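# Tertiary structure, described
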Amino acid sequence: MQLFRSVVRGVGGYLPSKCIKNSDLEKSLSTTDAWIVERTGMKQRYVIEGSQNTSDLASEAAKIALANAKIDASDIDLIVVATVTPDHPFPATAARVQAKIGAHKAFAFDVNAVCSGFIYALSVADQYLKTGMAKRALVIGADAMSKIIDWNDRATAVLFGDGAGALVLEAVDSSHEDYNRGIQSTHLFSNGCQYDLLYVDTANANATQPGHVSMQGREIFKYAVKLIGEAVETVLKENNMTIDDIDWFVPHQANLRIIEGISVHFKIPMEKMVVTVDRHSNTSAATIPLALWEAVSDNRIQKNQRVVLEAMGGGLTWASALVKW
Ligand code: ACO
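Residues numbered from 1 in each chain as written. Predicted model: local features only at pLDDT ≥ 70, side-chain atom pairs only at ≥ 80, totals over all residues. Heavy atoms only, no water.

## Description of the overall build of the protein
Helix and strand content of the protein: 10 helices and 13 strands. Whereas a compact globule of 325 residues would reach a radius of gyration of roughly 20 Å, the protein reaches 18 Å, a difference of no more than 12%. Dimensions along the principal axes, computed over C-alpha positions, put the protein at roughly 60 × 45 × 40 Å. Counting only residues that meet the buried cut, the protein has 56% of its 325 residues in that class. Only carbon and sulfur atoms are counted for the fraction: they give 50% of the accessible area of the protein, which is about 13,600 Å². Averaging the positions of the 31 positive and the 36 negative side-chain charges in the protein gives two centres separated by 2 Å. (Helix = DSSP H or I, 4+ residues; strand = E, 2+ residues; numbered from the N terminus. Rg over C-alpha atoms; globule rule 2.2 N^0.38 Å. Buried < 20%, exposed > 50% of the residue type's maximum accessible area, 1.4 Å probe, protein only. Areas by Shrake-Rupley, 256 points an atom, 1.4 Å probe, with all protein chains shown as cover. Lys, Arg positive; Asp, Glu negative; His and termini not counted. Charge placed at Lys NZ, Arg CZ, Asp CG, Glu CD.)

Written out as structure tokens, the structure reads:
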């Protein structure tokens, strides 16, 4: 029997202020608002400006999550940041966040599992909390995809945006009234043989440009529907539940058609899906915590409800988790 349970105490999100609408992209790329909306459901995305970087987005999301949790940064033991767009190759973006928010006693490191990164980071933090190695953790998904997009490539430039979302987790023991809440299980999968379907091509990298996203869109689309759906089946089976037992599904937001495909093939009602892709586009590791932040803020997700998180990304990686809110 596990000693502790990781319970969600607060959620936060942050989007940079610069908004790029599809109509803005029409001016620089051979594309149209109608094509982007029809193929992806995306209408706009937010991007960083000037010296703003991934750790700034992550720190703002973390501060909101801490305020909602009513927990001081100085009481955090662990910070895990999921990102593929760190401020620097090293130190970890989590270390920069630690300094920016004043979480002085925390140990801090990054996780890279691309669009599945947030669930991977959640799973890692859960292991520390469950075993009593940490009491309170900040789990952050943050990406500034605009740094690694070729803005002249219409096949990828229209798909991504920047943002961050954060959860504050607290370990409670079996005598606590919240012990049956929190993270019930996490499930992580990888297949590195398919790395070339989606990767950052560093062939033309230089000091200011770390490389560009290279993607086989149609293949990724098919794998996303299949693998995310299978990850949902795994989490339901492991917890002896059916779709009817789940209040909300929070999928990675890569494309509205992928979410609709999962809904059709795995018979998950669209009314139970939290969707933000129309307004945020694909913010990689940030999509799931940003969607959680939105659905908690507008009171869709309520205390004690069951929430399934699900994602697929480069690697390939895919993952799911069940959280009792
Ligand atoms: N504007 C206009 N036309 C475009 C654009 C654009 N922005 N991009 C591509 N096209 C063209 C193509 O050149 C092609 O033209 P052609 O028929 O003359 O050759 C045509 O549109 C159709 O292209 P497809 O790639 O076949 O279009 P598809 O319907 O597959 O949609 C898309 C492309 C949106 C990329 C889709 O495949 C997709 O979403 N794939 C998943 C990608 C993804 O999610 N990536 C994120 C990372 S992974 C993850 O997060 C799960």
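## Some remarks on the sheet that holds strand E6 (residues 136-144)
Spatial ordering of the open sheet is given by E1-E7-E6-E4-E5, a layout of five strands whose pairing is mixed. Only two strands of the sheet have a single partner each, and these edge strands are strand E1 (4-14) and strand E5 (107-111). Sheet twist, expressed as the average angle between the axes of neighbouring strands with direction ignored, equals 20°. One ladder, built from nine bridges, connects E6 with strand E7 (residues 162-173); its direction is antiparallel. Looking across to E7, one finds that Ile-140 is bridged to Ala-166. Sheet strands touched by helix H5 (residues 117-130): E1, strand E4 (78-82), E5, E6 and E7. Its angle to E6, the strand with the most contacts, is close to 165°. Strand contacts of helix H10 (residues 287-297): E1, E6 and E7, with the helix running at about 85° to E1, the strand carrying the most contacts. (Pairing = 2+ DSSP bridges. Axes fitted to C-alpha atoms, helices over the stretch in contact; angles between N-to-C directions. Contact = heavy atoms within 4.5 Å.)

## Some words on the pairing of E7
Burial analysis of E7 places 11 of its 12 residues in the buried class, which makes it a mostly covered element. Bridging between E1 and E7 involves 10 bridges; their strand directions are antiparallel. Residue Arg-5 lies in a different strand from E7, and its bridge partner there is Val-172.

## Some thoughts on the side chain of Lys-324
The residue Lys-324 is located in strand E13 (residues 317-324) in this model. Put simply, Lys-324 is tucked away with no salt bridge, and the nearest opposite charge, on Asp-247, sits 8.7 Å away. Apart from residues lying up to four places away in sequence, Lys-324 is in contact with Asn-180, Arg-181, Gly-182, Gln-184, Asn-304 and Gln-305. (Salt bridge = Lys/Arg side-chain N within 4 Å of Asp/Glu carboxyl O.)

## Focus: the packing of aromatic side chains
Counted by the stated rule, this structure contains five aromatic pairs. Among the aromatic residues, ring-to-ring pairing joins Phe-107, Phe-109 and Tyr-128 into one connected group. The ring of Tyr-179 is capped by Arg-5, whose NZ or CZ atom sits 5.0 Å from the centre of that ring. (Phe/Tyr/Trp six-rings, centres within 6.5 Å; stacked < 30°, edge-to-face > 60°. Lys NZ or Arg CZ within 6 Å of the ring centre and 35° of its normal.)

## Examining the domain arrangement of the protein
One frequently used descriptor of interface size is the decrease in accessible area upon assembly of the parts. Per the domain assignment, the segments of the protein are domain 1 (5-172) and domain 2 (182-324). Taking only C-alpha atoms into account, the centre of domain 1 sits 14 Å from that of domain 2. At the interface, 54 residues of domain 1 touch 47 residues of domain 2. Both faces considered, domain 1 and domain 2 share a buried interface measuring about 3,800 Å² in area, 65% of it formed by carbon and sulfur atoms. Per-residue buried area on domain 1 facing domain 2 is highest for Cys-115, Ile-119 and Tyr-120; these three make up 18% of the total on that side. Taken together, the links from domain 1 to domain 2 amount to zero salt bridges. Seen at the junction of domain 1 and domain 2, the total is 19 residue pairs in polar contact (both at pLDDT 80 or more). (Domains from an automatic or database assignment. Buried area = accessible area lost by both parts, 1.4 Å probe. Polar contact = N/O pair within 3.5 Å; in protein donor to acceptor, adjacent residues only side chain to side chain.)

## Comments concerning the nonpolar core
With 42 residues, the main nonpolar core has Phe-249, Ile-262, Ile-268 and Met-312 as its most contacted residues. Put simply, the parts of the chain that give this core at least two residues each are helix H7 (217-238), helix H8 (256-265), strand E12 (306-313) and E13. Broken down by element, this core gets its largest block of residues, nine residues, from H7. Here this core spans two domains, and each of domain 1 (5-172) and domain 2 (182-324) adds at least three residues to it. Contacts of Ile-262, omitting those with residues within four sequence positions, involve Ala-224, Val-225, Ile-228, Lys-267, Ile-268, Met-273 and Glu-310. Leu-78, Ala-121, Val-139 and Trp-325 belong to the second-largest nonpolar core, a separate cluster that totals 37 residues. (Core = buried A, V, L, I, M, F, W, Y, C linked by side-chain atoms within 4.5 Å.)

## Observations regarding the sheet that holds strand E11 (residues 248-251)
Read across the sheet, four strands follow the order E8-E13-E12-E11 without closing on themselves; strand pairing throughout is mixed. Strand pairing shows two members of the sheet lacking a second neighbour, strand E8 (182-190) and E11, which therefore form its edges. Across the sheet, the mean angle separating the axes of adjacent strands is 10° when strand polarity is ignored. Here E11 pairs with E12 via four bridges, running parallel. Pairing of Phe-249 across the sheet is with Val-308, part of E12. Of the strands in this sheet, E8, E11, E12 and E13 touch H7, which is tilted by about 145° from E12.

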